[in-house]
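Residue strings, one per chain:
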Number of protein chains: 2
Amino acid sequence: MGGDHGASVVLPGADLALVRHPDTEFLLFGDQAVVEPLLDKLPRLKARSTFTHTDVSIRMDDKPSQALRYGRGKSSMWLAIDAVKKGEADVAVSAGNTGALMAMSRFNLKMIEGIDRPAIAGLWPTLKGESVVLDVGASIGADEFHLVHLATMGSAMARVLFDIERPTVGLLNIGVEEVKGLEQVREAGRILREGKFPHLDYRGFVEGDDIGKGTVDVVVTEGFAGNIALKTAEGTARQFAQYLRAAMNRTWMARLGYLLARQAFQTLREKMDPRKANGGVFLGLNGVVIKSHGGADAEGFAAAIDMGYDMIRYELLAKIGQSMARDLQARATDVNEPTAEQSGPSGEQVSGAAK
Amino acid sequence: MGGDHGASVVLPGADLALVRHPDTEFLLFGDQAVVEPLLDKLPRLKARSTFTHTDVSIRMDDKPSQALRYGRGKSSMWLAIDAVKKGEADVAVSAGNTGALMAMSRFNLKMIEGIDRPAIAGLWPTLKGESVVLDVGASIGADEFHLVHLATMGSAMARVLFDIERPTVGLLNIGVEEVKGLEQVREAGRILREGKFPHLDYRGFVEGDDIGKGTVDVVVTEGFAGNIALKTAEGTARQFAQYLRAAMNRTWMARLGYLLARQAFQTLREKMDPRKANGGVFLGLNGVVIKSHGGADAEGFAAAIDMGYDMIRYELLAKIGQSMARDLQARATDVNEPTAEQSGPSGEQVSGAAK
């Protein structure tokens, strides 16, 4: 029911994803009066879906605390997350209120042992392919231990999505200060450099322009700067596209040139299509929850579902759990981390939830 | 002597700027063996320049503290800043080591009364024209009072550059959290909303994608996120340009289309030309210092000089001083700010330095 367009985008999106992955089954939660007429027009999806009616849906601008109060136990968002909790679903995908989705996911699924705060990871198109960037807005600020957890979870996600044994990892920093960057970023760098993490290849600090270059597979930052970087890149891409459109419309020569090169422009458009990278993955939870952009269309929502499909297929949670366990072990000798963080092993519990 | 190319870019850049503003005079500081042969080939510039030889120049990767130690009193960078301090020059422009330039500027020129930390302001091309974005990397973190100072200084710069009486101002924030954004950002928002600042029009929070849209004339943020936003946008623009180039080269039809539309592509290139927005303005100091991008070419360096020219012509420092004095007055009744911040009036002192 969430997002700018609700079921009218979610259902056609699911239908598109089903074509690509015919072995998917959908549990749909929402308002019967809205969902059923739409579902009747999508017989392929209907045949692979189980629908559960609920009157309650979370509004886009409610605070997470409000949403939890009226939506807990009965809203469509809660029911989708709860299906993951109960093992009925492998992944929950929503285009709804991000804060509410995060709060409910955290409340219901709980955090992976050893990780105390969730993160949102995004897939970023780069000149070399794609990179995982996290945290893009789940929480503000991060101490060195949280940054190291982000590196661990992000590299597990990169292993799953890019099929790389040891993804390269960089810490987002700025290079114009006497003391290069925040104390906690430097400290996280020290831990990653010295800690001998077996399944990530730490490459040091990266700057904002390294993200688009694809300098590393995983870019780690706290959520405030990460969210601003993400939105700024989206804004710049839109700006460029608008300049290009205007330029190509200015003279008849340009329009003719555009016609001749329209295949090339199509390629460019696909390259820059933000829908393809739609889907923020909530990391650190005992379950996979994907947040689709609220303004996504059916193609975009399908991309978010696809991402969830890959996460499950390649056992993201099990890999995070393994990584966490190994990292904690590897670091136990090197680092004086608060003991609460070391109380794993979390691997087993996690892979249980991911089946 | 600074930047990736040193005098071989700085001197032709100055020569270009001189064509646009023939009333400019240049004080040049550097190594005679390098500068004189270049200057001999630029008779127009030579006629309007006074050259001072020094053996010492600041290396690009030295720490500010090192640079201060060996460069104070004798390096080309120091001498340029010192000329501003002595009133011999109106503005210092350098493509050199940013941290060193900032440290020397601060050490020699001192801060404007009431402002305790410097900022770097950049000019950002937007869909509506240009916006001032600050701080893009002078210092990390900012409390609410520093954010308000940034708003005041940034709007003074926007008044000077865009000739707007009351520039619109937004605080950069993220919109996906329960508590929307950092405490100090919210608190700065409250001060700006309630404080009745006569020469800025506070418009609330903006997100990363609002920068490129041109939602406000002045975007205020602390330096870590600001620097990451700036570099990320640069990276995205470069990425887009590279995709476009590749797409236009893929087929002969595309290449033909490109030829027909090359005027349009030229327009686009100019629109996106990062050289045009080259020049970070150091704000908060008793003097105007402009940092050109280290990798800038002559055209880019000329743009940095042009920016300095406008700052002086339209009396940036006097306007910042007036704004600070008025704001402090306006806020004295509303806000419990530490008294050190209210010990102005700074207007008079500042306009003295700007003459």
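Remember, predicted model here, so these are calculated numbers, not experimental data.

### Quick look at the sheet that holds strand β3 (residues 91–94) of chain A
Residues and elements named next belong to chain A. Taken in spatial order, the 8 strands line up as β3-β10-β9-β4-β5-β8-β6-β7 in an open sheet, and their pairing is mixed. Two strands lie at the open edges of the sheet, namely β3 and β7 (201–206), each paired on one side alone. Each adjacent strand pair in this sheet contributes to an overall mean axis angle of 25°, direction not counted. For β3 and strand β10 (residues 288–291), the ladder comprises 4 bridges, and the chain directions are parallel. Across the sheet, residue A92 finds its bridge partner in β10, namely V289.

### Comments concerning the interface of chain A and chain B
The interface is formed by 59 residues belonging to chain A together with 59 residues belonging to chain B. Of all the secondary-structure elements, those providing two or more residues to the side of chain A that touches chain B are α4 (64–71), α6 (98–109), α9 (208–213), α10 (223–248), α11 (252–260) and α12 (262–272) of chain A. Here the side of chain A that touches chain B takes 21 residues from α10(A), the largest share from any one element. Looking at the side of chain A that touches chain B residue by residue, the classes come out as 31 nonpolar, 16 polar and 12 charged.

### Structural notes on the relation of the copies chain A and chain B
In screw terms, the move from chain A to chain B is a rotation of 180° and a rise of 0.0 Å along the axis, fitting with an RMSD of 0.1 Å. What we have between these two chains is a two-fold relation. Closest approach to the rotation axis among the C-alpha atoms of chain A is made by A:G257, whose C-alpha sits 1.7 Å away. The fraction of interface residues of chain A whose copies in chain B are also interface residues reaches 100%, indicating that both copies meet through the same surface.

### Some words on the nonpolar core
If you look at the biggest cluster of nonpolar residues, it comprises 229 residues, and the most contacted ones within it are A:L134, A:M157, A:V220, B:L134, B:M157 and B:V220. The element that contributes the greatest number of residues to this core is helix α10 (residues 223–248) of chain B, accounting for 12 residues. Once residues lying within four places of it in the same chain are set aside, the contact partners of B:V220 are B:L134, B:L147, B:L150, B:A151, B:G154, B:V169, B:G170, B:L171 and B:L172.

### Side note on the pairing of strand β9 (residues 280–283) of chain B
Looking down a regular strand, the side chains alternate between one sheet face and the other. Residues and elements named next belong to chain B. Burial of the side chains of β9 extends over both faces: G280 and F282 are buried on one face and V281 and L283 on the other. Note: strand β4 (residues 119–125) against β9, 3 bridges, orientation antiparallel. Paired with A119 across the two strands is L283, which belongs to β9. Counting the residues that bridge the hairpin from β9 to strand β10 (residues 288–291) gives 4 residues, and of these G284 lies at a positive phi of roughly 100°.

### Some points on the sheet that holds strand β8 (residues 218–220) of chain B
Residue and element names in this part refer to chain B. Read from one edge of the open sheet, 8 strands run β3-β10-β9-β4-β5-β8-β6-β7, paired in mixed fashion. Either end of the sheet is taken by a strand with one partner, and the two such strands are β3 (91–94) and β7 (201–206). Shown here is a sheet whose adjacent strand axes are inclined to one another by a mean of 25°, direction ignored.

### Some points on α4(A)
Residue and element names in this part refer to chain A. Turning to α4, its buried residues are P64, A67, L68 and G71. One face of α4 carries all of its buried residues, which in axial projection span an arc of 100°. What points out from α4, more than 90 degrees from its buried face, is the exposed set S65 and R69. In this structure, the buried residues of α4 make contact with α5 (76–85) and α6. Two residues or fewer after α4 comes G73, characterised by a positive phi angle close to 85°.

### Here's the deal with the domain arrangement of chain A
Residues and elements named next belong to chain A. What the domain assignment reports for chain A is domain 1 (7–110 + 289–313) and domain 2 (119–277 + 315–326). Every contact between the two is made by 9 residues of domain 1 and, on the other side, 7 residues of domain 2. Ranked by residue count, the leading element in the side of domain 1 that touches domain 2 is helix α13 (residues 298–313), at 5 residues. Taken together, the residues that form the side of domain 1 that touches domain 2 break down as 4 nonpolar, 1 polar and 4 charged.

### Here we look at helix α2 (residues 32–40) of chain B
All names here are of chain B. Among the residues making up α2, those that are buried are V35, L38 and L39. For α2, the angular spread of the buried residues around the axis is 100°, confining them to a single face. Exposed side of α2, more than 90 degrees from the buried face: A33, P37 and D40 are the residues found there. Taken together, the buried residues of α2 touch α1 (7–20), β1 (26–30), α3 (43–47) and β2 (49–53).

Parameters at a glance
Residues numbered from 1 in each chain as written. Chains lettered and ligands numbered in written order. Predicted model: local features only at pLDDT ≥ 70, side-chain atom pairs only at ≥ 80, totals over all residues. Pairing = 2+ DSSP bridges. Helix = DSSP H or I, 4+ residues; strand = E, 2+ residues; numbered from the N terminus. Axes fitted to C-alpha atoms, helices over the stretch in contact; angles between N-to-C directions. Contact = placed C-beta atoms within 7 Å. Nonpolar A, V, L, I, M, F, W, Y, C, P; charged D, E, K, R; others polar. Least-squares fit on C-alpha atoms with pLDDT ≥ 70 in both. Core = buried A, V, L, I, M, F, W, Y, C linked by C-beta atoms within 7 Å. Buried ≥ 20, exposed ≤ 12 C-beta atoms within 10 Å, placed from the backbone. Arc of directions from axis to C-beta. Domains from an automatic or database assignment.

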